[in-house]
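Structural overview
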Amino acid sequence: MHTLRMEKVLCIVAVSFLTSCWNSSSPMAEPPVETYRVQPAAATLTVGHGTSFAAKRDGRLALDVAWRVLEPGGGTVDGTGQYQAPAIPGVYTVQAGFKYSAGRTATASVTVVPPPAGEIRVPHEVRPGAGDLVASIAPVPGSHYLWTITGGKLTGGSDSPAVSFQAGAGPKLVLSCRVSNAAGDALNSSQEVTLVRAVSLTISPAAVTITAERTMKFGFNLAGGTTLDVAWSLGKPGAGSIDGLGNYVAPTVPGLYSVRVTSLDDPTETVTAMVKVVPKPPEGLTAPDSYQPGAMDLRARVPKVDGMTYAWEIEGGTIIKGSTASTMIFDAGQGPSITLRCRITNEAGDTSATKKTMRAE
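The structure displayed is predicted, hence computed values, not measured ones. (Residues numbered from 1 in each chain as written. Predicted model: local features only at pLDDT ≥ 70, side-chain atom pairs only at ≥ 80, totals over all residues. Heavy atoms only, no water.)

A closer look at the nonpolar core
- Of all hydrophobic cores here, the largest spans 22 residues; its most connected members are Phe 53, Trp 67, Tyr 83 and Val 94.
- Of all the elements in the fold, those that place two or more residues in this core are strand E1 (36–39), strand E2 (42–46), strand E6 (65–69), strand E9 (90–98) and strand E10 (105–113). (Core = buried A, V, L, I, M, F, W, Y, C linked by side-chain atoms within 4.5 Å. Buried < 20%, exposed > 50% of the residue type's maximum accessible area, 1.4 Å probe, protein only. Helix = DSSP H or I, 4+ residues; strand = E, 2+ residues; numbered from the N terminus.)

As for the packing of aromatic side chains
- By the definition in use, this model includes five aromatic pairs.
- Pairing Phe 53 with Tyr 83 gives two aromatic rings, centres 6.2 Å apart and planes at 70 degrees, and the pair type is edge-to-face. Taken together, the positions of Phe 53 in the loop between strand E3 (50–52) and strand E4 (54–57) and Tyr 83 in strand E8 (residues 82–84) put the pair 30 residues apart, joining distant regions of the chain.
- Their ring planes at 70 degrees and their centres at 5.9 Å tell us that Phe 218 and Tyr 248 sit as a pair that is edge-to-face. (Phe/Tyr/Trp six-rings, centres within 6.5 Å; stacked < 30°, edge-to-face > 60°.)

Looking at the confidence of the model for the protein chain
- Residues of the protein chain with pLDDT of at least 70 account for 91%, and the chain-wide mean is 91.
- A low-confidence stretch, residues 1–26 (pLDDT under 50), is modelled with zero contacts involving residues beyond four sequence positions or located in other chains. (pLDDT = per-residue confidence, 0-100. Contact = heavy atoms within 4.5 Å.)

Overview of the sheet that holds strand E12 (residues 133–136)
- One open sheet holds the three strands; their spatial order is E12-E15-E14, and the pairing between them is antiparallel. One side of each edge strand has no neighbouring strand; the edge strands of this open sheet are E12 and strand E14 (152–156). Across the sheet, the mean angle separating the axes of adjacent strands is 40 degrees when strand polarity is ignored.
- Bridge analysis of E14 against strand E15 (residues 162–167) gives four bridges, and the strand direction is antiparallel. Bridge pairing links Leu 154 to Phe 165 in E15. (Pairing = 2+ DSSP bridges. Axes fitted to C-alpha atoms, helices over the stretch in contact; angles between N-to-C directions.)

Here we look at the environment of Asn 221
- Inspection of the secondary structure assignment puts Asn 221 in strand E21 (residues 219–223).
- For Asn 221, a relative accessible area of 53% translates into the label exposed.
- Separated by 114 residues in sequence, Asn 221 and Thr 107 place their C-alpha atoms 74 Å apart.
- Apart from residues lying up to four places away in sequence, Asn 221 is in contact with Ser 200, Leu 201 and Thr 202.

Regarding the sheet that holds strand E31 (residues 327–332)
- Spatially, three strands are ordered E28-E31-E30 in an open sheet, and the strand pairing comes out antiparallel. The open sheet is flanked by strand E28 (298–301) and strand E30 (317–321), the only strands paired with a single partner. Strand-to-strand twist of the sheet, defined as the mean angle between neighbouring strand axes without regard to direction, takes the value 40 degrees.

Focus on unusual backbone geometry
- Cis geometry is found at the peptide bond from Gln 39 to Pro 40, where omega equals -5 degrees.
- Note on placement: Pro 40 falls in the loop between E1 and E2.
- Along the chain, Ser 204 connects to Pro 205 via a cis peptide bond; the corresponding omega equals -5 degrees.
- The backbone of Ala 102 sits at a positive phi, close to 55 degrees, despite the residue not being glycine.
- As for its placement among the helices and strands, Ala 102 is situated in the loop between E9 and E10.

Thoughts on the side chain of Lys 356
- Position of Lys 356 among the secondary structure elements: in strand E33 (residues 351–360).
- Assessed through its relative accessible area of 18%, Lys 356 is described here as buried.
- Among the polar contacts made by the side chain of Lys 356, one reaches the main-chain carbonyl oxygen of Ala 287 at a distance of 2.5 Å.
- A distance of 2.7 Å separates polar atoms of two side chains, one belonging to Lys 356 and the other to Asp 289.
- Leave out the neighbours within four places in its chain, and Lys 356 touches Leu 285, Ala 287, Pro 288, Asp 289, Ile 338, Thr 339 and Leu 340. (Polar contact = N/O pair within 3.5 Å; in protein donor to acceptor, adjacent residues only side chain to side chain.)

Below, the structure written as structure tokens:
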């Protein structure tokens, strides 16, 4: 019994010895490899902005580090890893050199982008309810856009550099856009648009008759738009002349002409006045130089012009016929003289008065 127990103990010792010999003959484990990193490994910054980098060795913060930017003009970095981006967009490299690690280095990539652009380009004045309108911002690659509107409705492109919209009824319209660049910096921009009523324009007088070479002033009534600015013009050459204030001079040749006034706020809004130019009333009276007292059926005449009216008067005789015609028949009285007068009026209301005195023989 005692002998059996001893055999078991010796067997266990032998197995343990053999196992120990086998383990001592296995190869040695490799030492862990050290890691060197810059965190963050990549960054995107707006020009002129800054960020902090950290150097890590085996996941722990390393202090024995020499920092630098590899590209000339790529910004600056100080001894603590504080980086300042340059004014010129581009992709640059920040390097950390581990001083006591046999020249080991690690790098981070920095993308420097332009700041967000937010100047809104849009018509300064639009009509209430106008559609197919466009506002835009100069696009910057990598930017994101979010448009909103007050006093109207966006109709397309609300997340793009250009947006289409429709104006409301008023009284105010404001376009706003939040622009974010690739670095996440944002700019809020807005632009108010003036809503103007449609232009309504009239001219006065709308039709006029004027004597050749006479002057007159045209007027106008303008509603809507933003100014009272108009331009005057004539319908055709030879229609006379007109200045910037509506002062018109009729031509020498009678005829039908036109004068136009145009809104400068809306050049499609033009109205026209019709102008009839008529001859001047003629002058000159033809009658005998002398007469026999009591003579009958004597005649006097003035030039006959279409459109003229005539009014005769006589002293020392009697009108028999034609008191409103260009030719008048009269009888002489018994006095020593007869005075004839005729007032001629044209369609424009201008008159001429002509006179002749006859002596008895």
